[in-house]
Every structure is written in C-alpha cells, then in structure tokens.
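# Geometric and topological summary
Listed here are the chains, written in short residue letters.
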Amino acid sequence: MSIRRLPETLVNRIAAGEVVERPAAALKELVENAIDAGATRISVRIADGGISRLEVEDDGCGMTAADMALALERHATSKLPDDAIEDVRTLGFRGEALPSIASVARLMLESRVAGGDGWRRVVDNGVVVAEGPAALANGTRVVVEDLFARVPARRKFLRSGRSEYAACLDVVKRLAMARPDVGFTVEHDGRRVLDVQGGQDQLSRVAALTQRDLAANSIGVDLDRGDVHIGGVISLPTYNRGIADHQYLFVNGRPVKDRLLVGALRGAYADLLARDRHPVVALFLDVPTGEVDVNVHPAKTEVRFRDPQLIRGMIVGGLRRALDDQGFRSVQRPAEAALAAWQQEPVAPPAPVQTLFAAHLPYPHAPATHLFGADDDPATHALLRDRIVNFAPPPTAMPMGRAEAATAPVPQGDAHPLGIARGQIARTYIVAEAEDGLVIVDQHAAHERLVLEQLRRGMGGQAVPSQGLLLPEVVELDEPACDRLEAAAAQLATLGVELERFGPAAVMVRATPAMLGAIDCRKLVTDIADDLAGYDAALGLNEKLELVAATMACHGSVRAGRTLSVAEMNALLRTMEVTPHSGQCNHGRPTWVKLAMDDVERLFGRK
C-alpha cells in the first residue's frame, strides 16, 4: 500500500480525537482561551451535558475579522510570540482547539475588539457556511452545537448527558479555582449552578468551590524552596473521601492530573489514611517555566518536571510538616447526620410495677408495727398505700457505663483542650469535660496512634525499648517470608523486634517492643512478614517499615473492652495533646470528637 497525504478534513478529525475527547474537553479549551484573552468575567451555558450545545462568553480582548479567520486554521495562535516553546506562560499554545472542535461540530464564533465592529463566523463540521457582522459587547462568544453529530463512531462512546454535565462542571471548577481574579458563571439547561465573583483571594475561592466545612477542617500550606513555591489548603486526615476527585492540583495556574503529584500526595498521607480513602486537597505549585514541560500531553493535563525528586520531596516533606504542626487536631465536630440521631424518644406507657416499699409495707390482713413501736392503724396503711409513688424496677442488666469519683476541675482550654476525664462508656469510649464542651475519645484508636508515633520515633533514631523473651519463640514460615524478615532484621531491631534466622523455614524471636506488652509473637511476626511481601515492590524498605509499624501498633494498643481508671484516662488525654497526628487513627478515622456546649443545649431545647 502506497503512502498518501491525508486530506485536511481528515487531519482535523484526527486532531479532534486527541483534543476533543468529550464535551468537557471542548469546554476546557474554550474557557482557557477566554482566560488567555484577559477576561475578567466568563459565562458558560450548557445544554444536555454539552452534547447538544456549549456556549462560552467572555469580556476579553476580542478578535478582528482577520484574526478570527486565522484562529480557525490549524497551528495558528497568538500565544507564542517567538519559537520558545519551553517558555509557555499561557494555558493554550498549540493553536489546535478551535479548528479541531469546528471539524466535528457546528461552531459559531463571534468577537469584537474595543473600538471596533463585531464579526461572526460559522463553521459546520469543517466547512465555513456563514460570516458577517455581529452585535455584541467587547469580547468573544463561542457556541458549539451537535458535537460528533456526523461522527457516530465517536458519539456513541459519549456518556449520558448527566455524566457529561458533571465532567463539564468539574472542568470549570478547576479553572475557576486556578484564577480567583476572574468571575465565573455556569448555567445548565437554563438553571444557574455556579456563580463566583472575581477578585477573591485563593483560599476564599477554594472554599467557595468545595465543601463548606473544608475551611474548618483544613490546613494552610505555604512553602518555598529556591524558585519553587507550594501553597494551598489540605484537609486533615480525618476529613477524607472515598474517591480522589476532590484533589485539585495546579502547576503554574494550569489544572493537571499528574501521577507524580498524586503519588506525592499519597506519600504525604501514608499511615494517616486507609488505602481506599483520599484527602481533599487544593495545591498550587509555582515553578520556573524552564523547569517544567507542559507539552507532553494532547490535552495538557500532564506535565514533566526537570527535577521530579525535588518536587516530590517538597510536597511530601512540606505537607508532612504542616500535618505534624497540627498535633492532636482532628475533625472536632460530629457529623450532622450523627448529631441529628440524638432525638428525644417518646416515653412508653409504664408497665405494671411494684411500689418501691411494697416489700416492707404491712398488708391489711397482717399484723404490723409502727416505726417507733406503736401499733399501726389499718386505715393509715391504706392511706399510705394510696399516696406512695410507683418507681420502675431496676433493669435486669445494668448499662455499660462506668464512672468513678473524678472531682478534678476542668482545665484551661488552651493548655488542655481535651479536658478532664469523667468516665468510660461501654469500656470503649472515654468521656471528658472540656472548657467548651463534651469530648468523646475512642480509647483503642487513640492509643493505636500513640504507639505508632512512638515506633516512628524509633525509626528516626530514638530506639524503641525492647523486652527480651524469657524463652525465645520459634515461628515457622515459608522460606521467602523468612528471607524478607532476615533482610529487614536490622531495621526491625530499631522498632524493638529482635529476631534471627532459625533454619530455612523459621525465625527465632528474642525480643518484642516493650510498649506492646504481652502479645502473640507468632501472629505479630506473621503479620510483619505479610506486610513486607504485600506492599508495592516499588517502595523502599524504610517506606515498607513505616507501614509495618502501623500493623505493630495495632497489636499493642489498648483494646476496646478494657476498663481504665480515671488516672489512666487522663494520662491518655494528656499524651494525645502532645503527640502529632493523635487526632486520627492509623486508618484515618477520628480518635475523638467534641460536642460543643451550644450543641448540648440545643439537644435539650435550651437554645
């Protein structure tokens, strides 16, 4: 088969397949063009998820009729004044978006420059069908209709209108988050779904486009290293989501979904979140243009850094320090759904009960003696019997609550924000009184985190005290598991686990961490071997041991169901207040919640 030159229409359709994957991709290109044109207000209108119609209107610099004709040709752009492709400072730069969209849809382009006349140009699937004067204010309006209507092979792969709408809204949110100085409105099928004003600061814009409660459960990030700056907000580990769609990453104002950055986020939250949970993040990375290549993906959603290890190290280290500085902080308020579950229950009709003193009251037919020895009158007995208040009998099983005398005064909130222990519920939850409310602590989850942080300090050079076994215990495992344990023996010793090879398929355990107390050595060593084998092979040994430490902490923590004294409960609270990350367990769940006094009073109708 001989080689032939492809016709222009087919070339444009191939290019459209790379750039215009779905309506959201077309919308992204149009909004980026509006931002690059210097717009201060951008309006987006969507019909049927963008499949039937997309409209983007801005108040940017506009285009002349001659520039409009050039803009609809491939590889024609105003964003590269010279050949320095490595110094891109705009969102777009290839000059492919408009002709690619126009080749697979009906596109109407209207524009007007300041002091000039408006002009309209209409292209239907690659063919110019109309042009002429147009009445509009300064700026540009682009309307895209019937996307892929004449390319059924592409159109059948589009999702439902609702799914495509969600993708379009996500695109606008990300671009709006990157440019808080620009106002954005979005209408879908005639209904306004987004409206943010320009001139906001970055944190206000992030709060406006994400969950309202993120502001109260987030941490600010501001880090500089040389010419690289990282800023934004990250959620507390206990404020997480089941999907990663709430992670907004930007490089030089460009929204990206880069695997390096996502991997760095996962590294920063390692051992703070379960593997199926994800933080809520809006992270803005500013890098010199010469240190990042944005021309590595057709949709410009991925970037390549000249020094990726520097970027990853900054993100992991910077976010870790920000999280460490928060100490014991967690999502302090209970979820609204949980708070709503506190309802005033209706009182059931009382069952027939005996009187409190029934066993001691004389019956009319029985002889009785007065309290002071005088004979009682039967009429008096009947009168007393009528006036005695009935009380419900004691329940057959006492509630699982326990308290002992705890008379210590409530400490100052700044010094001891977790308050003073007042009791224990179900031998699992510690109830404490703080200066500003009621604190409930999950004793197992809290102690698990405290043990893990102590183990991590051991890995950092502060050796974990070990407890020698009176009789070393031999644990039989398969040979590969023994090989992995033997290779990690020196590092495990820093965690307080001393073991050595004992034949081809066994290891001998000589000591375990003293903080774990009496534990099942066989189960502990088996779990460590499984963790060393199960985690990603790309992780280094130290990173694997970080994850192994979480397993060890679970073995040695205070279990639910253990009765604690008030002194033990207070010791746990004080340790939590000075330990990093004690606000969440090793799986990202909160270790404590606070019910403010206002909430308590509202539950009882006092407010």
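Residues numbered from 1 in each chain as written. Predicted model: local features only at pLDDT ≥ 70, side-chain atom pairs only at ≥ 80, totals over all residues. Heavy atoms only, no water.

Looking only at helices and strands, one finds 18 helices and 25 strands in the chain. Once local pairs closer than 6 in sequence are excluded, the contacts in the chain between residues at least 24 apart make up 68%. (Helix = DSSP H or I, 4+ residues; strand = E, 2+ residues; numbered from the N terminus. Contact = heavy atoms within 4.5 Å.)

Here the focus is the pattern of salt bridges. Overall, the coordinates contain 27 salt bridges when judged by the stated rule. Here Arg22 and Glu164 are joined by a salt bridge, their closest N and O atoms 2.9 Å apart. One end of the pair, Arg22, is in the loop between helix 1 (8-19) and helix 2 (23-36); the other, Glu164, is in helix 6 (residues 161-178), with 142 residues separating them in the sequence. For Glu164, a relative accessible area of 1% corresponds to the buried category. Linking Arg106 and Asp124 is a salt bridge whose minimum nitrogen-to-oxygen distance equals 3.6 Å. Taken as a pair, Arg106 in strand 3 (residues 106-112) and Asp124 in strand 4 (residues 119-124) lie far apart in primary sequence, 18 residues in all. (Salt bridge = Lys/Arg side-chain N within 4 Å of Asp/Glu carboxyl O. Buried < 20%, exposed > 50% of the residue type's maximum accessible area, 1.4 Å probe, protein only.)

With that settled, consider helix 13 (residues 479-487). Those residues of helix 13 not exposed but buried are Ala481, Cys482 and Leu485. Seen along its axis, helix 13 keeps its buried residues to an arc of 100 degrees; they face one direction. (Arc of directions from axis to C-beta.)

With that settled, consider the sheet that holds strand 12 (residues 247-251). In space, the five strands of this open sheet follow the order 9-10-15-12-13, with mixed pairing throughout. The sheet is open, and its two borders are formed by strand 9 (218-225) and strand 13 (254-256), each paired with just one other strand. On average, adjacent strands in this sheet sit at an angle of 20 degrees to one another, irrespective of strand direction. By the bridge criterion, three bridges tie strand 12 to strand 13 in an arrangement that is antiparallel. Bridging across to strand 13, Leu249 finds its partner in Val256. Where helix 8 (residues 259-268) meets the sheet, its contacts fall on strand 12, strand 13 and strand 15 (281-286), and the angle it forms with strand 12 comes to roughly 125 degrees. Lying on the sheet, helix 9 (residues 308-324) is in contact with strand 9, strand 10 (228-235) and strand 15; it crosses strand 9 at an angle near 135 degrees. (Pairing = 2+ DSSP bridges. Axes fitted to C-alpha atoms, helices over the stretch in contact; angles between N-to-C directions.)

This next bit is on the sheet that holds strand 4. Read across the sheet, eight strands follow the order 5-4-3-6-2-1-7-8 without closing on themselves; strand pairing throughout is mixed. Two strands in the sheet have a free side with no partner beyond their single neighbour: strand 5 (127-133) and strand 8 (191-196). Between one strand axis and the next, the sheet turns through 10 degrees on average, direction left out of account. Both strand 4 and strand 5 contribute to a ladder of six bridges, which runs antiparallel. Paired with Val122 across the bridge in strand 5 is Ala130. With respect to the sheet, helix 2 is in contact with strand 1 (41-47), strand 2 (53-58), strand 6 (139-145) and strand 7 (183-188), its orientation differing from that of strand 2 by roughly 10 degrees. Sitting on the sheet, helix 6 is in contact with strand 1, strand 2, strand 7 and strand 8, with an inclination near 175 degrees to strand 7.

Let us now look at the packing of aromatic side chains. Inspection of the entire model under this criterion finds one aromatic pair. Measuring from ring centre to ring centre gives 4.6 Å for Phe250 and Phe284, while their planes differ by 5 degrees; the resulting arrangement is stacked. With Phe250 in strand 12 and Phe284 in strand 15, the pair connects residues that are 34 residues apart, well separated along the chain. Its relative accessible area of 7% is what places Phe284 among the buried residues. In this structure, Arg241 is placed above the aromatic ring of Tyr239, and the distance from its NZ or CZ to the ring centre is 4.8 Å. (Phe/Tyr/Trp six-rings, centres within 6.5 Å; stacked < 30°, edge-to-face > 60°. Lys NZ or Arg CZ within 6 Å of the ring centre and 35° of its normal.)

Considering every residue of the chain, the mean pLDDT works out to 80; 77% of them sit at 70 or more. Here residues 387-391 is a poorly scored stretch, pLDDT under 50, and it has seven contacts once near neighbours within four places are set aside; other chains count. (pLDDT = per-residue confidence, 0-100.)

So, about unusual backbone geometry. In this model, Asn125 sits at a positive phi of 50 degrees, which is unusual for a non-glycine residue. By the secondary structure assignment, Asn125 is in the loop between strand 4 and strand 5. Unlike most non-glycine residues, Arg427 shows phi in positive territory, near 50 degrees. Looking at where Arg427 falls in the secondary structure, it is placed in the loop between strand 19 (420-425) and strand 20 (429-434).

The biggest cluster of nonpolar side chains holds 59 residues, and the ones touching the most others in it are Leu27, Val31, Ile42, Leu107, Val144 and Phe184. With ten residues, helix 6 is the single largest residue contributor to this core. Residue contacts for Val144: discarding those within four places in its chain leaves Leu30, Ser52, Arg53, Leu54, Ile101, Ala105, Arg106 and Leu107. Ranked by size, the runner-up nonpolar core spans 33 residues in total, among them Ile219, Tyr269, Ile311 and Leu323. (Core = buried A, V, L, I, M, F, W, Y, C linked by side-chain atoms within 4.5 Å.)

With that settled, consider the environment of Val287. Of note, Val287 is situated in the loop between strand 15 and strand 16 (292-293). Classification of Val287 by relative accessible area gives buried; the value is 7%. Placed 58 residues apart in sequence, Val287 and His229 show a C-alpha to C-alpha distance of 6.8 Å. For Val287, the contacting residues outside a window of four places in its chain are Val228, Asn252, Phe305 and Ile311.

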